Structure formats: structure tokens, C-alpha cells
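An overview of the molecular structure
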Amino acid sequence: GKTTLKRATKKDWMQNFVYLFPFIQKFDNYSKIDKITEPLLIVHSIDDSMIPYEQAVRNNKKANNSEFFLVKGDDHNDYENSLPVIVDFLEKIRLK
């Protein structure tokens, strides 16, 4: 049957919150990203099911001093394919 407020479990609420969070909480990265002066890495998966990769493309176009990578295979909270890019970036800025 239909889940009512009284019958919803903690797990139901958490799953719904995680799904709805991007729609409830607005992160206005675009209006602030050009103010970042430190080296910036933007990495996003084209397989992200929550946030379209086009948002990262748009942010990168406005950013100053950024490195941009699109990866395949990672969903929103996965980082297996992003991790090598992140490690390389951190190593590069550490050596400066």
C-alpha cells in the first residue's frame, strides 16, 4: 500500500532525503566559481544520475585556473574512475 507519514521508516526518509537533497538545497557554484583564485579541479562523471555533467561543463567555462575532466562509470557518490585524476591533481599542486 501507500506509505503514509506514520508508516514511513527511517530508511524511507533517508532514501527520499538523499534523492531530493539536490532539489531542496541549492548550491550556487556558478555565481561564485570565478572568484576562486587557487588551482581548481573540476571532475564529473557523465554517468552521474543526480547532477548532469553539463553543469560541470558550464562551471568550468566560467572558472579561472581550472583543470577539467569528464570520467565515465562513476555515479553520484562513486569515485573509482575519478580517483586517479584527483590524486594526480593533488600531486601536481603539492609540488608547486
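Refer to the preceding data block for the structure.
This report concerns the structure included in the present document.

What counts, and at which threshold
- Residues numbered from 1 in each chain as written.
- Predicted model: local features only at pLDDT ≥ 70, side-chain atom pairs only at ≥ 80, totals over all residues.
- Heavy atoms only, no water.
- Helix = DSSP H or I, 4+ residues; strand = E, 2+ residues; numbered from the N terminus.
- Buried < 20%, exposed > 50% of the residue type's maximum accessible area, 1.4 Å probe, protein only.
- Contact = heavy atoms within 4.5 Å.
- Salt bridge = Lys/Arg side-chain N within 4 Å of Asp/Glu carboxyl O.
- Arc of directions from axis to C-beta.
- 1 Å grid on protein atoms, 1.4 Å probe; cavity = no way out; pocket = protein on both sides within 12 Å on 5 of 7 lines; lining within 4 Å.
- Points joined across faces, edges and corners; volume = space filled by probe spheres on them.
- Nonpolar A, V, L, I, M, F, W, Y, C, P; charged D, E, K, R; others polar.

1. Quick notes on the overall build of the chain
Summing up its helical and strand segments, the chain has 4 helices and 2 strands in all. Reading the secondary structure of the chain in the N-to-C direction produces α-α-β-α-β-α. Burial status across the chain gives 17% buried among its 96 residues. Looking at the chain alone, contacts between residues at least 24 apart form 66% of all its contacts between residues at least 6 apart.

2. Notes on the pattern of salt bridges
Summed over all chains, the structure comprises 3 salt bridges. We note a salt bridge from Lys-92 to Glu-67, for which the minimum N-O separation is 2.4 Å. Separated by 25 residues along the polypeptide, Lys-92 in helix α4 (residues 83–94) and Glu-67 in strand β2 (residues 66–71) bring together distant segments of the chain. Overall, Lys-92 belongs to the partly exposed group, its relative accessible area being 39%. Take Glu-67: its relative accessible area is 24%, and that puts it in the partly exposed class.

3. Points about helix α3 (residues 53–62)
Taken residue by residue, α3 has Ala-56, Asn-59 and Asn-60 as its buried positions. Axial view of α3: buried residues confined to an arc of 100°, hence all on one face. For α3, the secondary structure elements touched by its buried residues are α2 (29–32), β1 (40–45) and β2.

4. Structural notes on the layout of surface pockets
Considered as a void within the structure, the second largest pocket measures approximately 170 Å³ in volume. The wall of the second largest pocket is formed by Val-43, His-44, Ser-45, Asp-48, Asp-74, Asp-75, His-76, Asn-77, Asp-78, Tyr-79, Ser-82 and Ile-86. With 3 residues, the single largest contributor to the lining of the second largest pocket is β1. Residue classes in the lining of the second largest pocket are distributed as 3 nonpolar, 5 polar and 4 charged.

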